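Residue strings, one per chain:
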Amino acid sequence: MKPFIVRAAALVGDIAALVFDTLKEEESRKRLSESGIVEVDAMTGKEFERFLDVHFRKLGYSVILTQDSQDYGADLILDKDGSKTVVQAKRSKNPVGIKAVQEVAGAVRHYKGNKARVITNNRFTDNAYNLAESNDVELWDRKKLIEFILTAKNCK
């Protein structure tokens, strides 16, 4: 009887931990869903990626977050209506330069995407715009990000 009680207690502990983790994850998603540009400015890069994940899902996208390292220049892979968009997310205090454009331009080929996009809470340098244009990379600056946030918040 004693081994049964020990196994049952361990199972109850595992279930409680799973419920706690699920509630914690849902609370995190809710917080990210309710965040605006001011909160984005205070996020880490990884939090910004998760923030974008939550908002793109609200708009009906399938989202894959890439691994933290060796991601080949992509942070998110978006899929909607048969189109695959490879995204480089740059939460930055400074204007974003050509490195982000170079990374996502390479990543779109690696992930066999249809589109490439860099999203930042800041702005882009002139060189980034020039390189993006010649490589068919879409750039979302702070203004476009705010528009995206508002659209996602109005989507149920």
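As a starting point, this report considers the structure included with it.

What counts and what doesn't
Residues numbered from 1 in each chain as written. Predicted model: local features only at pLDDT ≥ 70, side-chain atom pairs only at ≥ 80, totals over all residues. Heavy atoms only, no water. Pairing = 2+ DSSP bridges. Helix = DSSP H or I, 4+ residues; strand = E, 2+ residues; numbered from the N terminus. Salt bridge = Lys/Arg side-chain N within 4 Å of Asp/Glu carboxyl O. Buried < 20%, exposed > 50% of the residue type's maximum accessible area, 1.4 Å probe, protein only.

1. Things to note about the pairing of strand β2 (residues 76-80)
So, point 1. With four bridges joining them, strand β1 (residues 62-65) and β2 adopt antiparallel strand pairing. The residue bridging Ser-62 from the neighbouring strand is Asp-79, located in β2.
So, point 2. In terms of strand pairing, β2 meets strand β3 (residues 83-90) through five bridges, oriented antiparallel. Paired with Asp-79 across the strands is Lys-84, a residue of β3.

2. Focus: the pattern of salt bridges
So, point 1. One pass over the structure, following the stated rule, counts six salt bridges.
So, point 2. Glu-103 is paired through a salt bridge with Lys-99; the nearest N and O atoms lie 3.3 Å apart. Of this pair, Glu-103 and Lys-99 both sit in helix α4 (residues 98-110), four residues apart, which is roughly one turn of that helix.
So, point 3. According to the relative accessible area criterion, Glu-103 is partly exposed, its value standing at 23%.
So, point 4. Note that Glu-138 and Arg-117 form a salt bridge whose closest N and O atoms lie 3.2 Å from each other. Highlighted residues: Glu-138 in strand β5 (residues 137-140) and Arg-117 in strand β4 (residues 115-120), separated in sequence by 21 residues.
So, point 5. Put simply, Lys-90, Lys-99 and Glu-103 are held in one network by salt bridges that share partners.

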